[in-house]
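Each chain, written out:
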Amino acid sequence: MNKTPSFGLVVLVATAMSVAGLSLARAQQAGGGQPGTQWSEAQLREAVALARTGRKLTPKSWPNGSRVAVCLSFDADSEAPLLRDGNTSPTALSASDFGAQSGVPRILAMLDRHRIPATFFVTAVDAMLHPEMLEAIQKSGRHEIGVHGWIHETPTRMSADEEERLLDRAIEYLTKATGKRPAGYRAPSWAFSTATLDLIQKKGFLYDSSLQALDEPYEIVSRGKPTGIVELPIDWTLTETPFLGQNGRMPNPAFLYQLYKDEFDGAYEERTMFVLTLHPYLSGHRAPMRHLEQFVTYMKSKPGVWFATAADIAQYVKDGQK
Ligand SMILES: [Zn+2]
């Protein structure tokens, strides 16, 4: 027999349900899909604590009394990001292959003309598909090769275990292919996950070049503790992808190079560091290459400019802190 609940109980349950529903709706309305609006002070502090700025590491002077350290860095992505997404369109692949076939050789020839070093961040899959590119980068003995993931995976979209598996594979492949364990890491798409910092510490990297909190070298601090990892920060204004890429809105590289020049002049005045990040599949085309070479010529015309690999800069600022 079903016992009919008393009228009083019905009212009580209905009221509790409506109160719960109301508070949930209120919370949703208050946040409006913006969870941070509901976080406490402790939660806000915790949310930013993972990878913060520690000591500034700009030394009192750069080697040979130079005023500024300049790192020309190239994220030498070719087919890896497309293959990661399963994109096998020959047209799309060929546009990316341009980086390995034309961009990198052109950039290397320019660097050779000026006898300056650079750092190339490479995915293991692109290294595998382009052994000739790796060989060409290594030929002069001036350039550095850093890790840029296995297949340009996005660390924020996978578990820590999977991120570690792919990072191990990338380190192993690049170590074997170059004969040297890479000292530096730049996250694919510059996208640190919450596990990335722990992983690069565990794997013994000297430096990272993915974060952006300062425009000079610093030590990364995690939850209040210095990590010993040198950060050589980058910036979305000091790269060309948002401007010259498929969604680019600035087809004339002259505007871009005016911006790079002003940034360099500022770093020169501040006696700190200038890091430029370019992508050979974009910047290796004829028009931007003309501007890049003019820019290098300009920087070289100033006294006291130390062109160095990211690893040499990181080692120098780390040694200076001892
Ligand atoms: Zn990349």
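1. A closer look at the coordination of the zinc ion
So, step 1. Protein ligation of the zinc ion involves D77 (OD), H148 (NE2) and H152 (NE2), the donor distances falling in the range 2.1 Å.
So, step 2. Positions of the donor residues of the zinc ion, expressed as sequence spacing, correspond to D-x70-H-x3-H. Of this pair, D77 sits in the loop between β2 (68–75) and α3 (80–84) while H148 sits in the loop between β4 (144–147) and α7 (160–178), placing them 71 residues apart in sequence. Across the pair, exposure class does not vary: D77 and H148 are buried alike.

2. Brief notes about the pattern of salt bridges
So, step 1. Overall, the coordinates contain 13 salt bridges when judged by the stated rule.
So, step 2. Between E219 and R55 there is a salt bridge, and its shortest N-O distance comes to 2.8 Å. Residue E219 is found in strand β7 (residues 218–222), and its partner R55 is found in strand β1 (residues 52–56); the two are separated by 164 residues along the sequence.
So, step 3. The class for E219 is buried, based on a relative accessible area of 9%.
So, step 4. Of the charged contacts in the structure, one is a salt bridge between R113 and E293, with a shortest N-O distance of 2.7 Å.

3. Some words on the environment of D319
So, step 1. Tracing the backbone shows D319 in helix α13 (residues 310–319).
So, step 2. Residues D319 and P59, spaced 260 residues apart in sequence, show a C-alpha to C-alpha distance of 9.6 Å.

Rules used in this analysis
- Residues numbered from 1 in each chain as written.
- Predicted model: local features only at pLDDT ≥ 70, side-chain atom pairs only at ≥ 80, totals over all residues.
- Heavy atoms only, no water.
- Donors = N, O, S within 2.8 Å, 3.2 Å for Na, K, Ca; no water.
- Helix = DSSP H or I, 4+ residues; strand = E, 2+ residues; numbered from the N terminus.
- Buried < 20%, exposed > 50% of the residue type's maximum accessible area, 1.4 Å probe, protein only.
- Salt bridge = Lys/Arg side-chain N within 4 Å of Asp/Glu carboxyl O.

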